[in-house]
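Summary of the model geometry
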Amino acid sequence: MITREDCGRRDETDELAALREWFTLPDGVVYLDGNSLGPVSRGVRRRVDEVLDGEWATGLVRSWNSAGWMTMPTRLGDQVAPLIGARPGEVLVADSLTILLAKLIGGALALRPERHVVLTDARNFHSDLYIARAMAARAGHPVEVRAIDRSALADELGPEVALVVLTHVDFRTGEMLDLVGITAAVHACGALLLWDLAHSAGAVPLDVTAANVDFAAGCGYKYLNAGPGSPAFLYVRRSWQGVLENPLPGWLGHARPFGFESTYETAPGVRAFLTSSPPVLALAAMEGALEVFRHVTLEQLRAKSLALTDLFIGLVEERLAGEFEIVTPREHDRRASQVSLRHPESDAIVRALIERGVIGDFRDPDISRFGFAPLYLRYVDVFDAVEQMVAVIEGEEYRDARVVVRDPVT
Ligand SMILES: *Cc1c(COP(=O)(O)O)cnc(C)c1O
């Protein structure tokens with residue numbers, strides 16, 4: 001039997017425990033949805049206030065120069081870089097994730113005009129599927145998108161494959177793919193690979209350099225805690241810079257934006273992937289959000305994340321035996337920082353849990369999804385969450401009329 005006291009003792013010896021103080025979390029809430037929207041941190045407040053009062057209010061338009069607003073996309077990119085194992089100058093913060101995927105897919109397809117297939121995972125996030133098909137249709141040569149069963153990837157790879165688009169961590173199941181092995185297999189067939197790191201960045205250590213990843217992109221508002229709808233990041237390996245073209249050119253990706261020239265000339269480096277003016281307030285939030293990551297190593301985060309998810313799985317097995325199917329892999333090297341449980345009443349269970357202050361989310365058709373962000377979660381939070389789950393299941397609270405109506409955002 002795992003007790004609440006056991007969990008409390010683990011919190012006392014947790015070397016990351018003090019980081020929780022960086023975050024504002026409502027009283028009485030166990031927040032298991034940081035994989036969907038990370039909470040606000042004091043870094044965000046400090047930096048946003050600074051930009052509002054110290055830069056915008058006083059410097060006005062001068063702040064584009066004096067406060068370094070114009071260089072924020074690359075400056076923040078260099079701050080994200082160590083989180084994914086990239087080198088300085090390889091990461092850019094801009095746009096939303098779907099837009100960055102469009103840029104990378106469009107650019108990559110132009111590099112392999114003699115090949116006509118894009119492989120992706122049939123269970124990929126829907127936005128990734130939509131944008132892959134849309135960019136393939138606009139490639140300028142016939143390109144077919146094949147949404148495959150990812151376990152059959154090795155069989156599907158061939159000389160006709162131009163690009164493979166995969167998400168490293170499955171948003172539904174939490175399964176983590178073998179980034180190194182898959183990248184090598186894709187390269188062996190001469191294709192390019194674009195990794196979506198939406199559920200990886202800030203949650204699991206990554207080394208895109210060692211894995212020889214071509215292109216990647218990830219989310220700002222999930223484990224990076226940069227705020228609702230925050231900009232995303234892209235990675236273009238140095239050897240592809242100057243080769244890969246941005247299919248959505250705009251003035252900020254021009255070599256001389258303030259030359260106001262009528263013909264386009266691509267900026268050097270990763271700046272080529274900019275299109276428009278940097279969203280300074282949103283970037284300020286992201287810059288502040290990244291501060292906390294300087295006080296912890298990715299290895300420390302990973303160790304605590306695995307300890308939290310192991311504890312949760314253990315408690316669910318102990319106290320809710322037979323109620324849920326645990327769909328997230330048990331093996332550490334196949335698990336990221338979330339645990340997904342299958343139950344036919346998941347939708348209502350998640351809402352009943354939210355009423356009890358345990359915030360997770362529901363993913364169609366039957367997944368209760370719980371994210372375990374090691375920056376601010378305590379071991380007792382995991383214990384308390386499972387206690388509330390027991391109450392919801394034993395009391396059949398998911399049958400209550402007030403939880404059976406679904407909200408527009410789940
Ligand atoms: C969250 C997520 C997205 C959506 O990103 P936007 O910034 O809203 O475009 C896309 N793909 C995956 C895999 C995601 O998890």
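None of these values were measured; they are calculated from a predicted model.

Scoring rules and cut-offs
Residues numbered from 1 in each chain as written. Predicted model: local features only at pLDDT ≥ 70, side-chain atom pairs only at ≥ 80, totals over all residues. Heavy atoms only, no water. Axes fitted to C-alpha atoms, helices over the stretch in contact; angles between N-to-C directions. Helix = DSSP H or I, 4+ residues; strand = E, 2+ residues; numbered from the N terminus. Parallel < 35°, antiparallel > 145°, perpendicular 65-115°, else oblique. Left-handed = near helix turned anticlockwise from the far one by under 90°. Contact = heavy atoms within 4.5 Å. Nonpolar A, V, L, I, M, F, W, Y, C, P; charged D, E, K, R; others polar. Domains from an automatic or database assignment. Buried area = accessible area lost by both parts, 1.4 Å probe. Salt bridge = Lys/Arg side-chain N within 4 Å of Asp/Glu carboxyl O. Polar contact = N/O pair within 3.5 Å; in protein donor to acceptor, adjacent residues only side chain to side chain. Buried < 20%, exposed > 50% of the residue type's maximum accessible area, 1.4 Å probe, protein only.

Concerning the packing of helix α11 (residues 346–355) against helix α12 (residues 379–394)
Any two packed helices are characterised by how steeply their axes cross, that is the angle between the axes, and by the distance between the axes. Relative orientation of the contacting elements α11 and α12 amounts to 120 degrees, with a least axis distance of 10 Å. Considered as vectors, α11 and α12 are oriented oblique to each other. As for how α11 packs across α12, the hand of that crossing is right-handed. Where α11 approaches α12, its residues Ile349, Ala352 and Leu353 are matched on the opposing element by Ala385, Gln388, Met389, Val392 and Ile393. Tallied by class, residues from the contact of α11 with α12 come to 7 nonpolar, 1 polar and no charged.

Some details on the domain arrangement of the protein chain
Annotation of the protein chain at the domain level lists domain 1 (4–16 + 297–401) and domain 2 (48–294). Here domain 1 and domain 2 have C-alpha centroids that lie 30 Å from each other. Taken together, the contact pairs 23 residues of domain 1 with 19 residues of domain 2. When domain 1 packs against domain 2, the two sides together hide about 1,700 Å² of surface, and 61% of this comes from carbon and sulfur. On the surface where domain 1 and domain 2 come into contact, there are 1 salt bridge. Connecting domain 1 to domain 2 are 10 residue pairs in polar contact (both at pLDDT 80 or more). Those elements that place two or more of their residues in the side of domain 1 that touches domain 2 are α10 (298–319), β10 (338–342) and β13 (367–371). Per-element accounting of the side of domain 1 that touches domain 2 gives the leading share, 4 residues, to α10. Tallied by class, residues from the side of domain 1 that touches domain 2 come to 9 nonpolar, 6 polar and 8 charged.

Here's the deal with the pattern of salt bridges
Throughout the structure, instances matching the rule amount to 35 salt bridges. Residue Glu317 pairs with Arg330 through a salt bridge whose shortest N-O separation is 2.5 Å. Within this pair, whereas Glu317 is found in helix α10, its partner Arg330 is found in the loop between β9 (325–326) and β10, the two being separated by 13 residues in sequence. The exposure class of Glu317 is partly exposed, given its relative accessible area of 38%. Judged by its relative accessible area of 41%, Arg330 falls in the partly exposed class. Three or more residues are tied together by salt bridges with common partners; here these are Arg46, Arg47, Glu50, Glu55, Arg75, Glu287 and Glu291.

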